[in-house]
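Close look at the chain arrangement
Chain residues, written in single-letter form:
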Amino acid sequence: MTDDVAVTAPPAPQPGAEAREQRAWYFYDWANSAYVTTTATVLMAPYLTSVATAAACPGLPDGQKCLQALDVLGIPIDPGSLFAYTATVSTIISALVLIVVGAIADRSERPTSLLAGFAWVGAVAASLMFFVSGTSWQLGVTLLVVANLCLGASLVIYDSLLVRIAAPDDRDKVSSKGWGFGYLGGGLLLTLNFGLDIFHARLGLDRSTSTRISLLSAGLWWGAFTLVPVLGLRHLRGTTAVPVEGRRGLVTGAFVQLRDTFRELRLFPQTMLFLLAYLFFNDGIQTVIGSSSLYGSAELGFSQSTVLGVFLFVQFVAFGGATLFGAIAARVGAWRTVLWSLGVWTIIVIAAYFVPARSLAAFVVLALFIGIVLGGSQALSRSMYSQLIPRGREAEFFSLYQAMERGTSWFGTLTFGLVQQFTHSYRHAIIALVVFFVVGGLLLSRVRMREGVLAAGNEVPAVV
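Chains are numbered independently. Their residues run from 1 in the order of the written sequence. Confidence filtering applies because this is a predicted model: local features only for residues at pLDDT of at least 70, side-chain atom pairs given and counted only at 80 or more, and all residues used for totals across whole chains, interfaces and linings. Hydrogens are left out, water is left out, and the side-chain values use all remaining heavy atoms of the structure.

Looking only at helices and strands, the protein has 18 helices and two strands in total. For the protein, the proportion of its 464 residues judged to be buried stands at 59%. Across the protein, the fraction of contacts at a sequence separation of at least 24, relative to all contacts at a separation of at least 6, is 85%. Throughout, the Shrake-Rupley method with a 1.4 Å probe supplies accessible areas, and for residues the shown protein chains are the sole cover considered. In the structure as shown, the protein presents an accessible area of about 18,000 Å², 68% of it carried by carbon and sulfur atoms. By the criteria applied, helices consist of DSSP H or I runs no shorter than four residues and strands consist of E runs no shorter than two, each listed in order from the N terminus. Note on exposure labels: buried denotes an accessible area under 20% of the residue type's maximum, exposed denotes more than 50%, and partly exposed covers the range between, all computed with a 1.4 Å probe on protein chains only. By definition in these notes, contact holds between two residues if any of their heavy atoms fall within 4.5 Å.

Our next topic: unusual backbone geometry. Most peptide bonds take the trans form, and the phi angle of most residues other than glycine is negative. Non-glycine residue L73 carries a positive phi angle of around 55°. Following the sequence through the fold, L73 ends up in the loop between β1 (70–72) and β2 (75–77). Given a relative accessible area of 85%, L73 falls into the exposed group. A positive phi angle, close to 65°, is found at R358, a residue other than glycine.

What follows concerns a nonpolar patch on the surface. On the surface, V89, I93, L96 and V97 cluster together into a nonpolar patch covering about 320 Å² of accessible area. For L96, a relative accessible area of 64% translates into the label exposed. For patch detection, residues must exceed 30% relative accessible area and be free of salt bridges, and they are connected within 9 Å for like charges or within 5 Å for nonpolar side chains (Val, Leu, Ile, Met, Phe, Trp, Tyr). Salt bridges are identified by distance alone: a Lys or Arg side-chain nitrogen within 4 Å of an Asp or Glu carboxyl oxygen.

Axes here mean lines fitted to C-alpha atoms, for a helix over just the part in contact, with angles spanning 0 to 180 degrees between N-to-C directions. For the pair helix α12 (residues 334–354) and helix α13 (residues 360–387), interaxial distance at closest approach is 9 Å and the crossing angle is 145°. For the crossing formed where α12 meets α13, the hand is left-handed. Contacts between α12 and α13 pair A334, W335, T337, V338, S341, V344, W345, I348, A351 and A352 from the former with L366, F369, I370, V373, L374, S377, L380, S381 and M384 from the latter. Classification convention: Asp, Glu, Lys, Arg as charged; Ala, Val, Leu, Ile, Met, Phe, Trp, Tyr, Cys, Pro as nonpolar; all other residues, Gly among them, as polar. Taken together, the residues of the contact of α12 with α13 sort by class into 15 nonpolar, four polar and no charged. Crossing chirality is assigned from the near helix's rotation relative to the far helix, an anticlockwise turn below a right angle marking it left-handed and a clockwise turn marking it right-handed.

Glancing now at the side chain of R171. Tracing the backbone through its elements, the reader meets R171 in helix α6 (residues 171–198). In the analysis that follows, any N or O atom pair within 3.5 Å is treated as a polar contact, provided that within protein one partner can donate a hydrogen and the other can accept it, and provided that, for residues neighboring in sequence, both atoms belong to side chains. Looking at R171, its side chain comes within polar contact range of the main-chain oxygen of S386, at 3.4 Å. Among all residues touching R171, those that are not within four sequence positions of it are L162, V163, A166, S383, S386 and Q387.

Summed over the entire model, instances satisfying the criterion amount to five salt bridges. Among the salt bridges present, the one from R207 reaches D197, with a minimum N-O distance of 3.1 Å. Of this pair, R207 sits in helix α7 (residues 207–225) while D197 sits in helix α6; the two residues are 10 residues apart in sequence, bridging distant segments of the chain. A relative accessible area of 31% means that R207 is categorised as partly exposed. Its salt-bridge partner being E451, residue R448 comes within 2.7 Å of it at the nearest N-O pair. Residue E451 is classed as partly exposed on the basis of its relative accessible area of 38%.

For the rest of this paragraph, the subject is the packing of aromatic side chains. By convention, a stacked pair of Phe, Tyr or Trp rings (six-membered ring in the case of Trp) has centres within 6.5 Å and planes under 30 degrees apart, an edge-to-face pair has planes over 60 apart, and any other such pair is tilted. Summed over the entire model, instances satisfying the criterion amount to 22 aromatic pairs. A centroid spacing of 5.2 Å and a plane angle of 40° characterise the contact between W30 and F181, whose relative ring orientation is tilted. Here W30, found in helix α1 (residues 17–56), pairs with F181, found in helix α6; they are 151 residues apart in sequence, far enough to count as distant. Overall, the relative accessible area of 14% leaves W30 in the buried class. Between W221 and F225 the ring centres are 4.8 Å apart and the planes differ by 45°, which places this aromatic pair in the tilted class. Placement of the pair is W221 and F225 together in helix α7, with a separation of four residues, close to one helical turn. Taken together, the aromatic side chains of W25, Y26, F27, Y28, W30, Y158, F181, W221 and F225 make up a single cluster linked through ring pairs. Looking at R212, its charged tip hangs above the ring of F130, at a distance of 4.6 Å from the centre. For a ring to carry a charge above it, either NZ of a lysine or CZ of an arginine must fall within 6 Å of the ring centroid while also lying within 35 degrees of the normal to the ring plane.

Under the convention used here, Asp and Glu are negative, Lys and Arg are positive, and both His and the chain ends fall outside the count. Positions of charges follow a simple convention, taking NZ of Lys, CZ of Arg, CG of Asp or CD of Glu. Taken together, the side chains of R20, R23, K173 and K177 present a region of like positive charge at the surface. Breaking the positive patch down by element, the ones donating at least two residues are α1 and α6. Within the secondary structure, R20 sits in helix α1.

Among the secondary structure elements, L300 is positioned in the loop between α10 (269–299) and α11 (304–332). On the basis of relative accessibility, which here comes to 1%, the residue L300 falls in the buried class. Put simply, L300 and F363 are 63 residues apart on the chain and 8.8 Å apart in space, counted from C-alpha to C-alpha. Ignoring sequence-local partners within four residues, the contact set of L300 consists of Y295, V355, P356, A357, R358, F363 and R427.

This brings us to the packing of helix α3 (residues 111–127) against α7. Closest axis-to-axis distance for the α3/α7 pair is 7 Å, and the angle between their directions is 165°. Classed by the angle they form, the pair α3 and α7 counts as roughly antiparallel. Note on packing geometry: the crossing formed by α3 with α7 is left-handed. Touching A119, W120, G122, A123, A126 and S127 of α3 are L215, L216, G219, L220, W222 and G223, all from α7. Throughout, the term roughly parallel applies to angles under 35 degrees, roughly antiparallel to angles over 145, roughly perpendicular to angles from 65 to 115, and oblique to all others.

If you trace the backbone, D29 turns up in helix α1. D29 sits in the buried class, given a relative accessible area of 0%. Separated by 2.8 Å, the side chains of D29 and Y158 make a polar contact.

The terminal C-alpha atoms of α7, which comprises 19 residues, lie 27 Å apart, in line with the 27 Å expected from a rise of 1.5 Å per residue. Within the sequence span of α7, burial applies to T209, S210, T211, R212, S214, L215, S217, A218, G219, W221, W222 and G223. Here the expected span of a helix is defined as 1.5 Å times the quantity of residues minus one.

So, about the environment of A54. Note that A54 resides in helix α1. According to the relative accessible area criterion, A54 is partly exposed, its value standing at 32%. A54 sits 80 residues away from G134 along the chain, and the two C-alpha atoms are 7.2 Å apart.

What follows is the structure in structure tokens.
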């Protein structure tokens with residue numbers, strides 16, 4: 001760093017405080033997973049596609065594909081690819097914004113307040129999705145971009161707090177438990193929305209209205225439960241980064257720090273290699289997650305109720321999967337465990353291509369394996385990365401990580417959208433994702449974790 005102000009670490013937690021902080025921290029996974037599950041993963045992709053299809057092909061009979069394109073700034077867009085392209089746009093914007101957010105968060109005396117601000121703006125955008133109806137796909141696209149951007153920004157800060165509430169040897173366990181807690185929260189709300197979807201006719205609601213109520217519930221859940229970590233972690237003041245003092249204000253100092261980040265990143269080759277690997281395999285994971293409901297409904301022909309039920313099943317399997325992977329990592333290390341999971345992900349994508357239409361048994365078996373590897377591969381990637389970043393630069397470095405994280409990947413979604421648009425087949429789009437897991441796994445296999453942890457100046461865990 002070029003600043004000449006001394007770096008000061010925050011005071012050590014009092015006995016018992018670390019456990020209380022961890023419990024409060026888990027609740028942000030619980031809070032935002034409602035949006036990630038109900039909206040970003042299950043409902044918004046097919047719902048936005050149906051709204052866009054109604055705009056492009058009014059009066060189209062059910063079951064027929066729309067061959068007309070939407071006009072987006074003079075560019076013809078297939079309605080079936082609109083959601084994938086929206087995720088791509090939100091990521092490109094995130095790539096420009098989140099790294100600045102991370103630099104600011106590292107220099108902020110109250111990082112929890114920043115987390116709260118982004119979370120609540122995102123929750124408002126998610127709640128306003130209730131008003132997306134008829135042919136108003138433009139409103140849906142705008143709100144989705146805002147919500148995804150705010151989710152990513154809040155997660156930059158949230159993930160960076162992991163190093164402040166857990167010792168190096170505990171981070172795999174704590175990160176895995178947070179992911180598992182998120183799956184329980186997301187699964188609970190999805191259960192309620194599943195019931196609403198099944199009984200919507202008895203309640204006097206049409207399918208569109210019940211879907212919009214579910215979207216509203218996800219936003220309200222996200223906003224309400226964010227209060228728990230905000231209140232539970234509000235005492236986390238100060239930063240291990242250079243404090244904001246003297247001539248450099250918060251934003252100016254953030255850009256100076258950001259300049260230094262890119263200059264110094266080359267000093268951490270294992271961190272760079274991990275980020276490159278993560279770019280590929282997490283893009284594959286995020287695209288599978290975000291497109292699965294669309295694949296199940298549009299390609300395999302299942303009803304929304306069936307897709308909701310299968311995703312509900314995935315949520316609770318994923319809770320067990322995250323716990324299982326945490327236990328495996330404690331024995332063989334997170335690096336080996338994630339590598340094995342990528343092999344399973346590759347098999348899952350190949351198998352998805354061959355699942356027959358309306359074969360519920362095959363779809364459920366596929367969902368079972370997705371649930372097993374889903375939480376563990378993501379949770380352990382987060383804890384692995386926390387070991388590879390220099391102390392005092394957590395939020396800043398996690399902003400690079402978060403730009404590739406949930407709902408903000410773009411290579412995969414762009415590939416999925418382009419393949420679907422040119423082939424009009426979601427099967428070809430899903431099989432194209434194999435390359436992301438293969439390339440990501442090959443790159444991750446070359447990461448030397450122990451060397452990277454030492455280069456970042458961190459304590460090497462007992463098992464890496």
